[in-house]
Amino acid sequence: MHENYMKLALKLAEKGRGKVSPNPMVGAVIVKENKVIGKGYHKGYGEAHAEVKAFENSTEDIKGADLYVTLEPCSHYGKTPPCVDKIIHRKIKRVFIGCLDPNPLVSGKGVKKLIDSGIEVTTGILEKECRELNEVFMKYIVEKKPFVIMKTAMSLDGKIATKTGDSKWITGLRSRKNVHRLRNEVSGIMVGINTVIADNPELTCRIENGNNPIRIIVDSKLRIPIDSKVLDNQNLAKTIVATTGQADMTKKVEIEKKGVKVLTIKSLEGKVDLQKLMSKLAEENIDSILLEGGATLNFSALEQQIVDKVQVYIAPKIIGGEKSKTSVGGSGIEDLRKAFQLHRISYKTIDEDILIEGYIRW
């Protein structure tokens, strides 16, 4: 019974996907005498939390009721007052929690305050599912770095383009729409300078009423053409260019005049130090990044261990060619025992394409 109510809370929480960043997605359900009398979820950053929305939507007096919530209720002042205080004030009898707040400075404090007020608390209801729901928040709040998803599309023989560079389109329409839905959910999209020079992409979300992620261009020597699409339309989508001390400062000023933020990051073997870049991007409230880089940036991202999750779209096509690009380039590994390993792997078909997802085992 408890799991059924928590499943409902999880479904509610999902409605906030792509709208609450950098806050977590949270759902809440109020139950009294085995009947759901209130439901709520966190709708957007700065708006009322799930517990408060459930209170507002309740159809009966909630005194003595049970509350099911996917994440430990907050016990501190932020954009809104502490939810714990409201739970105590409304005289909820029992609280069932999916998972504790991941922030070590806060974790358990909400539970303690509830227990100290005489409320019965049970934690760990569908904990795995509740943690996976907020995998972005879990990393961002603890490590102060964004959650990075490396996405690539390839043929059956691992090619991302033909020997002439033609890559439109390897995968089908539904797969591409799926990627745009993901762009809508993350707060940043990152590519390397080679992708910008070769394709001149806009890197926007092309779904109705979608959110455009912040465009992040990794460009160690500031080679980006001044007329690139990503440097225009800053009212439509913001852009950050990450460079190093090797950059031409005159060009840096020229780019900044377009309203683009240029971050000068310490170099690592002549390239942007991606770990340091992640810390800087977190300071910009970027909690999640879709990495749609080419072969060079993909290998650097793996080599510097910034990738959390991998999405690979495989199309039923064979391209061939020794000079045809693969999804991961760079110097590569020399010892198979040092290959980047995936775990928690899942797959599904999208029309004729196959989508494989997994997490890097660091």
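Owing to the predicted nature of the structure, the values given are computational and were not obtained by experimental measurement. Per-chain numbering applies: the sequence of each chain, read as written, is numbered from 1 onward. Selection of residues for local features in this predicted model requires a pLDDT of at least 70, selection of side-chain atom pairs for listing and counting requires 80 or more, and totals for whole chains, interfaces and linings are taken over all residues. To get the side-chain values, take all heavy atoms of the structure and skip hydrogens and water.

Enquirer: Whenever I open this one, the domain arrangement of the protein chain confuses me. Can you help?
Expert: How big an interface is tends to be stated in terms of the accessible area lost upon association of its parts. According to the domain assignment, the protein chain consists of domain 1 (1-137) and domain 2 (145-361). Note that the domain bounds reflect an automated or database-derived domain assignment. Once you take the C-alpha centre of each, domain 1 and domain 2 turn out to be 35 Å apart. Values labelled buried area give the accessible surface lost by two parts on being combined, using a 1.4 Å probe and summing over both. Of the roughly 780 Å² buried where domain 1 meets domain 2, counting both sides, 48% is carbon and sulfur surface. Taken as a group, G18, E135 and V136 account for 58% of the area that domain 1 buries against domain 2, more than any other trio of residues on that side. A side-chain nitrogen of Lys or Arg and a carboxyl oxygen of Asp or Glu constitute a salt bridge if their distance falls within 4 Å. Note that K309 and E135 form a salt bridge whose closest N and O atoms lie 3.3 Å from each other. The term polar contact refers here to a pair of N or O atoms within 3.5 Å; inside protein, the definition further demands a hydrogen-donor-capable atom paired with an acceptor-capable atom, and it admits residues adjacent in sequence only when both atoms are side-chain atoms. Along the contact surface separating domain 1 from domain 2 lie four residue pairs in polar contact (both at pLDDT 80 or more).

Enquirer: What exactly am I supposed to notice about the UniProt feature "binding site: Zn(2+)" (unreviewed entry) in the protein chain here?
Expert: Feature annotation in UniProt assigns "binding site: Zn(2+)" (unreviewed entry) to the following positions: H49, C74 and C83. These annotated residues cover 35 residues of sequence, and their C-alpha atoms lie no more than 9.2 Å from one another, placing them together at a single site. For H49, the location among the structural elements is in the loop between β2 (35-41) and α2 (50-57). Starting at the N terminus, helices and strands are each numbered in turn, a helix being any DSSP run of H or I of at least four residues and a strand any DSSP run of E of at least two. Tracing the backbone through its elements, the reader meets C74 in the loop between β3 (66-71) and α3 (83-89). UniProt positions are given in the numbering used here, feature names are shortened, and annotations may be inferred rather than shown by experiment.

Enquirer: I keep staring at the packing of aromatic side chains and nothing clicks. Help me out?
Expert: Only rings of Phe, Tyr and Trp enter the pairing, Trp through its six-membered ring, and a pair is recorded when the two centres are within 6.5 Å. The plane angle decides the type: under 30 degrees is stacked, over 60 is edge-to-face, the rest tilted. With the rule as written, the count across this model stands at four aromatic pairs. Their ring planes at 10 degrees and their centres at 4.6 Å tell us that Y68 and F96 sit as a pair that is stacked. One end of the pair, Y68, is in strand β3; the other, F96, is in strand β4 (residues 94-99), with 28 residues separating them in the sequence. The pair formed by Y68 and F96 is uniform in burial state, with each residue classed as buried. An aromatic cluster of at least three residues, connected via ring pairs, comprises Y5, Y68 and F96. We count a charge as sitting over a ring when the NZ of a lysine or the CZ of an arginine lies within 6 Å of the ring centre and within 35 degrees of the ring normal. Over the ring of W169 we find K168; its NZ or CZ atom is 5.3 Å from the centre of that ring. When the ring centre of Y359 is taken as reference, the NZ or CZ atom of R344 above it lies at 3.9 Å. Buried, partly exposed and exposed residues are distinguished by accessible area as a fraction of the type maximum, computed with a 1.4 Å probe on protein chains only: under 20%, between the cut-offs, and over 50%, respectively.

Enquirer: Looking at this structure, I do not really get the pairing of strand β7 (residues 188-192). What am I missing?
Expert: Remark: a regular strand shows side chains that alternate across the two faces of the sheet. Most of β7 is tucked away, with five of its five residues classed as buried. Burial of β7 is two-sided: the residues G188, M190 and G192 facing one way and the residues I189 and V191 facing the other way are all buried. One requirement defines pairing of two strands: DSSP has to find at least two bridges between them. Both β7 and strand β8 (residues 214-218) contribute to a ladder of five bridges, which runs parallel. What sits directly across from G188, in β8, is I214. The handedness of a crossover follows from its direction of travel: if, with the strands pointing away from the viewer, the path from the first strand over the helix to the second runs clockwise, the crossover is right-handed. Note that the unit made of β7, helix α8 (residues 193-199) and β8 has a crossover that is right-handed. Relative to strand β13 (residues 288-291), β7 runs parallel, the two being bridged by three bridges. The residue of β13 that forms the bridge with I189 is L290.

Enquirer: Is there a simple way to explain the sheet that holds strand β1 (residues 27-32) in this structure?
Expert: If you trace the five strands from one edge of the open sheet to the other, you get β2-β1-β3-β4-β5, paired in mixed fashion. Edge positions in the sheet fall to β2 and β5 (120-123), since each has one partner strand and no second. Neighbour-to-neighbour, the strand axes of the sheet open up by a mean angle of 15 degrees, direction not taken into account. Where β3 and β4 come together, five bridges link them in parallel fashion. Paired with V69 across the two strands is I97, which belongs to β4. Any pair of residues with heavy atoms lying within 4.5 Å of one another is described as a contacting pair. Under this scheme, a helix contributes an axis fitted over its contacting stretch, all axes are lines through C-alpha atoms, and angles between N-to-C directions fall in the 0 to 180 degree range. Along the sheet, helix α1 (residues 2-14) contacts β1, β2, β3 and β4; its crossing angle with β1, the most-contacted strand, is approximately 140 degrees. Most of the contacts of helix α4 (residues 109-116) go to β5, to which it runs at about 150 degrees, and overall it touches β4 and β5.

Enquirer: Looking at this structure, I do not really get unusual backbone geometry. What am I missing?
Expert: In terms of backbone geometry, most residues other than glycine have negative phi values and most peptide bonds are trans. Geometrically, the link from S21 to P22 is a cis peptide bond, its omega value of 5 degrees lying close to zero. Topologically, P22 is positioned in the loop between α1 and β1. Cis geometry marks the peptide bond from K168 to W169; its omega dihedral reads -10 degrees. For W169, the location among the structural elements is in the loop between β6 (147-155) and α7 (173-185). Here the phi dihedral of K144 falls at roughly 55 degrees; this positive angle occurs in a residue that is not glycine. Along the polypeptide, K144 turns up in the loop between α6 (135-143) and β6.

Enquirer: Whenever I open this one, helix α11 (residues 295-303) confuses me. Can you help?
Expert: The α-helix winds at 3.6 residues per turn, so residues separated by three or four positions along the chain end up facing the same way. Counting buried positions along α11 gives seven out of nine residues, so the element sits mostly inside the fold. Those residues of α11 that fall on the buried side of the exposure criterion are A295, L297, N298, F299, S300, A301 and L302. Residue Q305 follows α11 closely and has a positive phi angle near 60 degrees.

Enquirer: I'm lost on the sheet that holds strand β15 (residues 342-350) in this one. Help?
Expert: Within a sheet, neighbouring strands are paired by backbone hydrogen bonds and run either parallel or antiparallel to one another. As summarised here, the arrangement of the nine strands in space is β10-β9-β8-β7-β13-β6-β14-β16-β15, forming an open sheet in which the pairing is mixed. Looking along the sheet, the strands with just one partner apiece sit at the ends: β10 (261-264) and β15. Mean inter-strand twist for the sheet, computed between neighbouring axes without regard to direction, equals 20 degrees. Bridge count for β6 against strand β14 (residues 309-315) is seven bridges, and the pairing is parallel. Bridge assignment links S155 to a residue of β14, and that residue is A315.

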